Amino acid sequence: MTTDTDETQPRHFLDVDDLSEAELFAVLDRADEYKRAVENGEDHADLSGQTLGMLFQKASTRTRVSFETGMTQLGGHAIFLGEDDIQLGRGEPLKDTSRALSRYVDAVMARVFKHENVEVLAEYSSVPIVNGLTDDAHPCQTLADLQTIREHEDGLEDVSAAWIGDGNNVAQSFALGCALTGVDLTIATPAGYEVDDAVLERARDLGGDPTTTTDPIEAATDADVIYTDVWISMGQEDERDVRMNDFEGFQVSADLLEHAPEASVMHCLPAHRGEEITDDVVEGDQSIVFDQAENRLHAQKALLSWLLE
Ligand code: CP
Ligand code: NVA
């Protein structure tokens with residue numbers, strides 16, 4: 001644990017491009033090592049005695065359980081901090097919450113609505129802040145996604161990925177991850193639901209060249225990977241009727257997979273079967289969604305041990 005007066009600033013992970021290409025590959029390699037350690041029952045208590053605070057303003061299954069389990073496997077401990085269980089929910093400023101948490105724990109993972117809120121946490125924290133999802137980004141998901149693609153495609157070179165659906169938080173971090181690792185990405189969204197121009201610009205600055213289209217078939221055709229996410233993200237429930245209409249034609253279904261018979265199908269989960277993806281595709285031979293979910297555990301352990309070493 002550090003204090004406010006330490007001169008060394010902690011590394012934060014607010015989005016994928018907080019890592020360089022070399023750092024990202026180092027984290028992915030470590031994720032593979034941790035996965036093997038778990039499979040082989042090898043001890044890997046690399047964060048013995050360390051504590052992760054987990055701040056949640058939104059619901060979670062995978063993020064919460066994988067971070068908490070990961071800390072246990074690394075010999076450390078995690079504390080769940082639901083917004084309404086702590087003084088933040090009663091109006092304590094985020095900057096005070098961040099400074100107080102920094103005096104107790106060794107890192108904080110935060111799932112919040114506004115992306116600016118993880119930036120505030122980072123500004124006032126003397127320990128690493130890890131973005132566990134904001135309205136704009138989901139970088140921990142991308143780490144697991146890249147680990148999963150690397151496993152199924154035997155590397156990331158010459159891999160073509162198609163994002164089909166909403167240009168949301170998951171899509172935006174995935175675009176940055178693809179750019180950093182050389183994955184060729186085509187993003188198909190309805191008009192009005194594109195990935196932010198600023199994110200596309202960042203992806204280009206990283207050496208990527210994402211293609212954008214409003215045609216899901218064009219994006220999917222002969223892709224190695226097809227990736228989708230919900231049409232209605234957390235906090236957008238009031239937009240359901242409009243969105244259900246606007247996303248018509250963007251469902252990842254058996255019909256779409258006829259254009260990509262070899263593709264692996266990805267979804268960050270939770271999936272809304274019958275909306276962005278059909279039940280038969282989630283359950284089908286091309287689906288790798290539960291490998292993706294598992295890899296959240298390994299990738300986040302790698303990130304935490306890398307940030308805290
Ligand atoms: N994919 C993901 O972040 O899932 P949870 O919302 O369950 O954490
Ligand atoms: N885009 C989704 C991802 C959930 C993991 C959401 O923000 O709700």
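Residues numbered from 1 in each chain as written. Chains lettered and ligands numbered in written order. Predicted model: local features only at pLDDT ≥ 70, side-chain atom pairs only at ≥ 80, totals over all residues. Heavy atoms only, no water.

## Some points on the packing of helix 1 (residues 21–40) against helix 6 (residues 169–181)
Remark: helix 1 packs on helix 6, axes separated minimally by 9 Å, with the N-to-C direction vectors making an angle of 100 degrees. By the angle between their axes, helix 1 is roughly perpendicular relative to helix 6. Residue-level contacts link Glu21, Leu24 and Phe25 of helix 1 to Gly177, Leu180 and Thr181 of helix 6. Split into classes, the residues belonging to the contact of helix 1 with helix 6 amount to 3 nonpolar, 2 polar and 1 charged. (Axes fitted to C-alpha atoms, helices over the stretch in contact; angles between N-to-C directions. Helix = DSSP H or I, 4+ residues; strand = E, 2+ residues; numbered from the N terminus. Parallel < 35°, antiparallel > 145°, perpendicular 65-115°, else oblique. Contact = heavy atoms within 4.5 Å. Nonpolar A, V, L, I, M, F, W, Y, C, P; charged D, E, K, R; others polar.)

## Things to note about the site of ligand 2
In the vicinity of ligand 2, the contacting residues are Leu133, Asn168, Asn169, Val170, Asp229, Val230, Ser233, Met234 and Leu269. Taking Asn168, its side chain carries an N or O atom lying 3.3 Å from a nitrogen atom of ligand 2. Within the backbone of Met234, one N or O atom sits 2.8 Å away from an oxygen atom of ligand 2. Coverage of ligand 2 by the protein chains reaches 94% of its 270 Å² of free accessible surface. With respect to the detected pockets, ligand 2 is housed in the largest pocket. Partitioning the shell around ligand 2 into residue classes produces 5 nonpolar, 3 polar and 1 charged. (Near = heavy atom within 4 Å. Polar contact = N/O pair within 3.5 Å; in protein donor to acceptor, adjacent residues only side chain to side chain. Areas by Shrake-Rupley, 256 points an atom, 1.4 Å probe, with all protein chains shown as cover. 1 Å grid on protein atoms, 1.4 Å probe; cavity = no way out; pocket = protein on both sides within 12 Å on 5 of 7 lines; lining within 4 Å. Sits in = over half its atoms within 2 Å of the grid points.)

## So, the UniProt feature "binding site: L-ornithine" (unreviewed entry) in the chain
This chain's UniProt record puts "binding site: L-ornithine" (unreviewed entry) on Asn169, Asp229, Ser233 and Met234. Across 66 residues of sequence, these annotated residues stay compact in space, with a maximum C-alpha separation of 11.7 Å. For the largest pocket, the lining residues drawn from the annotated set are Asn169, Asp229, Ser233 and Met234. If you trace the backbone, Ser233 turns up in the loop between strand 8 (225–228) and helix 9 (240–246). With respect to the element layout, Met234 can be found in the loop between strand 8 and helix 9. (UniProt positions renumbered as here; feature names shortened; annotations may be inferred.)

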